[in-house]
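These are the residues of each chain, in order.
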Amino acid sequence: MYNAIPVIAIDGPSASGKGTVAQLAADALGFAYLDSGALYRVVAFATQQKNIAWDNAEAVAECAKALSIQFKNGQIYLNNADISDEIRTEAMGKGASQVAIHAPLRAALVELQHSFCKPPGLVADGRDMGTVIFPEAELKIFLTASTEVRANRRYQQLIGKNQAANYESILLDLQERDARDKGRASAPLIMAKNAVLLETDHLTISEAVNVVLQNYQQKIRK
Ligand code: CDP
């Protein structure tokens with residue numbers, strides 16, 4: 001069904017700026033936006049609340065199937081409670097990457113992710129948007145930056161939100177998360193064969209958004 005609707009898939013490692021770039025590209029095109037990482041964060045949060053261990057694949061997947069997750073006006077609701085701030089912590093990022101290794105959980109979240117694909121189009125950001133969830137995407141972008149630049153961006157982001165931040169531990173955490181995301185058996189973080197590589201070390205957010213939009217215009221002109 002979603003094949004007829006244009007999808008821009010933006011994948012890449014943690015703190016590469018994908019989320020901001022994807023949201024701005026979606027706004028510019030009037031497309032919907034899917035923050036797939038938020039779903040894994042919600043699952044980490046919900047399982048922790050229920051005392052389900054993050055390494056218990058079946059229990060994590062069963063818990064996820066029973067959740068009511070809603071995105072409204074940029075906020076995320078779990079069973080009608082706004083948990084947007086709770087899931088944005090470093091602890092939930094880490095938890096998300098631990099639950100995300102489980103194939104039964106990934107399978108349980110496929111339909112929900114497909115449901116975001118509505119006319120006139122979708123910009124989806126994550127790790128496996130172009131490889132697994134939307135393999136027929138019109139445009140696939142692999143957005144990345146060096147580990148140091150990403151650690152610095154995450155550091156600035158946390159400081160900006162008045163949260164405690166330590167550059168060295170953020171760097172170590174990112175390296176650990178990258179290794180887990182790339183090394184897992186189920187939907188590992190890899191660049192799709194037909195993706196455009198977008199290195200953002202020396203690009204501003206708006207320059208990166210423009211590259212995405214230019215690539216999209218080129219694709220639809222063909
Ligand atoms: O904000 P950050 O880029 O650090 O992470 P995120 O996009 O919110 O995703 C959190 C974690 O969820 C990642 O480290 C991945 O392990 C996992 N994830 C995934 O496995 N597949 C996706 N499509 C999106 C996120």
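Higher on the page you've got the structure.
Residues numbered from 1 in each chain as written. Predicted model: local features only at pLDDT ≥ 70, side-chain atom pairs only at ≥ 80, totals over all residues. Heavy atoms only, no water.

**Q** Any chance you could break down the overall build of the chain for me, citing the residues and the numbers?
**A** From N to C terminus, the chain includes eleven helices and eight strands. The C-alpha atoms of the chain give a radius of gyration of 17 Å, which matches the 17 Å a tight globule of 222 residues would have. Across its three principal axes, the chain shows a C-alpha extent of roughly 50 × 40 × 35 Å. Across the 222 residues of the chain, 48% fall into the buried class. (Helix = DSSP H or I, 4+ residues; strand = E, 2+ residues; numbered from the N terminus. Rg over C-alpha atoms; globule rule 2.2 N^0.38 Å. Buried < 20%, exposed > 50% of the residue type's maximum accessible area, 1.4 Å probe, protein only.)

**Q** Requested: an account of the site of the ligand, with residues and values cited.
**A** In the vicinity of the ligand, 19 residues are found, and the nearest of them are Arg41, Arg106, Asp128, Asp181 and Arg184. Contacts to the ligand include Ala15, whose backbone N or O atom sits 3.4 Å from an oxygen atom. Arg154 is positioned with one of its side-chain polar atoms (N or O) 3.2 Å from an oxygen atom of the ligand. In isolation the ligand has 530 Å² of accessible area, and contact with the protein removes 95% of it. Secondary-structure elements contributing two or more residues to the shell around the ligand are helix H2 (36–49), helix H5 (90–99) and helix H10 (167–183). (Near = heavy atom within 4 Å. Polar contact = N/O pair within 3.5 Å; in protein donor to acceptor, adjacent residues only side chain to side chain. Areas by Shrake-Rupley, 256 points an atom, 1.4 Å probe, with all protein chains shown as cover.)

**Q** Tell me what's going on with the packing of helix H1 (residues 18–29) against helix H11 (residues 205–221), and back it up with residues and numbers.
**A** The geometry of H1 relative to H11 is characterised by a closest axis approach of 9 Å and an angle of 55 degrees between their N-to-C directions. Compared by their axis directions, H1 and H11 come out oblique. As for the relative orientation of H1 and H11, their crossing is right-handed in sense. Together, Thr20, Val21, Leu24, Ala25, Ala28 and Leu29 of H1 and Ile205, Ala208, Val209, Val212, Leu213, Tyr216 and Gln217 of H11 make up the contact between the two elements. Looking at the contact of H1 with H11 residue by residue, the class counts come to eleven nonpolar, two polar and no charged. (Axes fitted to C-alpha atoms, helices over the stretch in contact; angles between N-to-C directions. Parallel < 35°, antiparallel > 145°, perpendicular 65-115°, else oblique. Left-handed = near helix turned anticlockwise from the far one by under 90°. Contact = heavy atoms within 4.5 Å. Nonpolar A, V, L, I, M, F, W, Y, C, P; charged D, E, K, R; others polar.)

**Q** Tell me about the side chain of Asp173, and please be specific about residues and values.
**A** Position of Asp173 relative to the elements: it lies in helix H10. In this structure Asp173 touches Glu90 and Lys94, once residues within four positions along its chain are discounted.

**Q** Could you give me a rundown of helix H3 (residues 57–65), with the residues and numbers involved?
**A** Among the residues making up H3, those that are buried are Val60, Ala61, Cys63 and Ala64. Projection of H3 onto a plane perpendicular to its axis shows the buried side chains occupying an angular sector of 160 degrees, all on one side. Packed against the buried residues of H3 are H2, H5 and helix H6 (103–108). (Arc of directions from axis to C-beta.)

**Q** Any details on the environment of Ile170? Residues and values, ideally.
**A** Relative to the elements of secondary structure, Ile170 occurs in helix H10. Separated by 15 residues in the primary sequence, Ile170 and Tyr155 place their C-alpha atoms 7.1 Å from one another. If near-sequence neighbours (up to four positions away) are discounted, Ile170 is found in contact with Ala151, Arg154, Tyr155, Leu158 and Ala165.

**Q** Residue-level account of the environment of His202, with values.
**A** For His202, the position within the fold is in the loop between strand E8 (196–199) and H11. The exposed category is assigned to His202, whose relative accessible area is 76%. Considered as a pair, His202 and Ala145 are 57 residues apart in the sequence and their alpha carbons are 8.7 Å apart.

**Q** Kindly report on the sheet that holds strand E3 (residues 69–72), identifying the contributing residues and their values.
**A** Strand order in the open sheet made by the three strands is E3-E4-E5, with antiparallel pairing throughout. Strand pairing shows two members of the sheet lacking a second neighbour, E3 and strand E5 (81–82), which therefore form its edges. Judged from the four bridges that link them, E3 and strand E4 (residues 75–78) form a sheet pairing that is antiparallel. Note on E4: the bridge partner recorded for Gln70 is Tyr77. Running over the sheet, H2 touches E3 and E4 and is turned about 40 degrees from E4. (Pairing = 2+ DSSP bridges.)

By themselves, these are just geometric observations and shouldn't be taken as functional.
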